[in-house]
Amino acid sequence: MNSRRGRIAALVLASAGVAAILAGHWMAAFWVRTEAEQGVVQRIFYVHVPAAWTTFLAVAIVALASGAYLWLEDERADAAAAAAAEGSLIFGAVMLITGPLWGRIAWGTYWTWEPRLTLTLILWFTYLGYFLVRGSVADPRRGKRFAAVVAVVGSLNIPLIHVSVQMFRSLHPGPVVIKPEGPTLPSDMLATLLTFLAGFTMLFMGLFILRYAVERLHGRAPPVGNAETGGALT
């Protein structure tokens, strides 16, 4: 796939994601039933959970690409890691904003230092640190390697986040979809959740492909003022 076709595919994928998210909002507003205990505020669930899933997907890609960069020192792997890391911050921010909004009604407070929330906040700051480390070292190669180590180590937080509800006393609700006996959501709630999940995933993948293409172009571009550009600009 050449770069032009890749950009077109990414735009189509991102557009399909936006369309699915809009359809999900219509389903959440006009179609799906209202949850009996929490009422209308429970509808934040349909954005919060897909944002969390997309964040974890992005973190997994960052970790895998960073591991490949540490092993092979392939610039394509580093570009993929950087592109996915941006997605982890964006969708992680959506997750961290919608969670407290939901918690304010469900728990009576925007934030409590319970295990899952605390570990998730640490995860987000870890990938913010990923970019800070990349830019804090004079040697770009060393900065990329240090950032790759941060990404790989930071990804180990994901299993802890997943099991924190079962391992520790937590206010956070347990899983209702990924369970040994299968999802326990009513069919209309599950359909709405899956629509949002598909939309968030497609939107992330489309943006990821576009950012990867930009990172590759930036990596191949000669520095301003070198021999190929005819000297320093004046």
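The structure presented is a predicted model; accordingly, all values stated were derived computationally and were not measured.

(A) Geometry of unusual backbone geometry. One non-glycine residue, Glu73, lies in positive phi territory at about 50°. The residue Glu73 is located in the loop between helix H2 (45–72) and helix H3 (75–106) in this model.

(B) Just the nonpolar core, in detail. In this structure, Tyr46, Val62, Tyr127 and Tyr130 are the most contacted members of the largest nonpolar core, which totals 42 residues. Of all the elements in the fold, those that place two or more residues in this core are helix H1 (3–31), H2, H3, helix H4 (115–135), helix H5 (140–155), helix H6 (157–167) and helix H7 (187–220). Val62 has contacts with Ala81, Ala84, Ala85, Tyr127, Tyr130 and Ala151, leaving out every residue within four places of it along the chain.

(C) Representation of the side chain of Thr54 within the structure. Along the chain, Thr54 falls in helix H2. Of the residues examined, Thr54 reaches a relative accessible area of 0% and is grouped as buried.

(D) Inspection of the pattern of salt bridges at higher detail. Inspection of the entire model under this criterion finds nine salt bridges. Among the salt bridges present, the one from Arg211 reaches Glu215, with a minimum N-O distance of 3.1 Å. A residue pair is termed a helical-turn pair when its members lie 3 or 4 positions apart in one helix, as Arg211 and Glu215 do in helix H7 at four residues. Take Arg211: its relative accessible area is 24%, and that puts it in the partly exposed class. Given the relative accessible area of 18%, Glu215 is considered buried. A cluster of three or more residues bridged by salt bridges with shared partners is formed by Glu75, Asp78, Arg134 and Lys144.

(E) Up close: the side chain of Thr55. Note that Thr55 resides in helix H2. Filtering out sequence-adjacent residues up to four positions away, Thr55 remains in contact with Ser88, Phe91, Gly92 and Met95.

(F) How the structure looks around H1. The terminal C-alpha atoms of H1, which comprises 29 residues, lie 40 Å apart, in line with the 42 Å expected from a rise of 1.5 Å per residue. Inspection of H1 places Gly6, Ala10, Ala14, Gly17, Ala20, Ile21, Gly24, Met27 and Ala28 among the buried residues, and these make up the whole buried set.

(G) Molecular detail of the packing of aromatic side chains. Taken as a whole and assessed by the stated rule, the structure comprises 10 aromatic pairs. For the ring pair Trp26 and Phe30, a centre distance of 6.2 Å and an interplane angle of 45° mean the geometry is tilted. Linking Trp26 with Phe30, this pair stays in helix H1, spanning four residues, or about one helical turn. According to the relative accessible area criterion, Phe30 is exposed, its value standing at 64%. Pairing Phe91 with Phe204 gives two aromatic rings, centres 6.1 Å apart and planes at 85°, and the pair type is edge-to-face. Of this pair, Phe91 sits in helix H3 while Phe204 sits in helix H7, and the two are 113 residues apart along the sequence. By the burial criterion, Phe91 is buried, and Phe204 matches it.

(H) Representation of H3 within the structure. With 32 residues, H3 extends 46 Å from end C-alpha to end C-alpha; this agrees with the ideal 46 Å at 1.5 Å per step. Where H3 terminates, the next one or two residues include Gly108, which has phi positive at roughly 85°.

(I) The packing of H4 against H5, seen in detail. Where H4 meets H5, the axes come as close as 8 Å, and the angle between the chain directions of the two elements is 170°. It follows from the interaxial angle that H4 and H5 lie roughly antiparallel. Facing H4, whose interface residues are Leu123, Thr126, Tyr127, Tyr130, Val133 and Arg134, H5 presents Gly143, Lys144, Phe146, Ala147, Ala148, Val150, Ala151, Gly154 and Ser155. The residue inventory of the contact of H4 with H5, partitioned by class, reads nine nonpolar, four polar and two charged.

(J) How the structure looks around the packing of H2 against H3. The geometry of H2 relative to H3 is characterised by a closest axis approach of 7 Å and an angle of 155° between their N-to-C directions. On the basis of the axis angle, H2 is roughly antiparallel to H3. Crossing of H2 over H3 shows left-handed handedness. Here the contact of H2 with H3 is composed, by residue class, of 20 nonpolar, nine polar and two charged.

Cut-offs applied
Along each chain, the written sequence defines residue order, and numbers are assigned to residues from 1. Given that the model is predicted, a residue must reach a pLDDT of at least 70 before its local features are reported, and side-chain atom pairs must reach 80 or more before they are shown or counted; all residues, however, enter totals for whole chains, interfaces and linings. Side-chain calculation: all heavy atoms of the structure are included, whereas hydrogens and water are not. Secondary structure elements are taken from DSSP: a helix is a run of H or I of four residues or more, a strand is a run of E of two residues or more, and numbering for both begins at the N terminus. Among the buried residues, those of types Ala, Val, Leu, Ile, Met, Phe, Trp, Tyr and Cys that are joined through side-chain atoms within 4.5 Å form a nonpolar core. Per-residue accessibility, obtained with a 1.4 Å probe over protein chains only, is compared with the maximum for each type, and a residue is labelled buried under 20%, exposed over 50%, and partly exposed between these values. It only takes one pair of heavy atoms within 4.5 Å for two residues to be counted as in contact. A pairing counts as a salt bridge when a side-chain nitrogen of Lys or Arg comes within 4 Å of a carboxyl oxygen of Asp or Glu. The length a helix should cover is 1.5 Å for every residue beyond the first. When two rings of Phe, Tyr or Trp (its six-membered ring) have centres within 6.5 Å they constitute a pair, described as stacked for plane angles under 30 degrees, edge-to-face for angles over 60, and tilted for the intermediate range. Angles shown run from 0 to 180 degrees and are taken between the N-to-C directions of axes, each axis being a line fitted to C-alpha atoms and, for helices, limited to the stretch in contact. Throughout this description, any angle smaller than 35 degrees is read as roughly parallel, any larger than 145 degrees as roughly antiparallel, any in the 65 to 115 degree range as roughly perpendicular, and the remainder as oblique. Here the nonpolar group is Ala, Val, Leu, Ile, Met, Phe, Trp, Tyr, Cys and Pro; Asp, Glu, Lys and Arg are the charged ones; every other residue, Gly included, is treated as polar. Left-handed is the label given to a crossing in which the near helix is rotated counterclockwise from the far helix by less than a right angle, and right-handed is the label when the rotation is clockwise.

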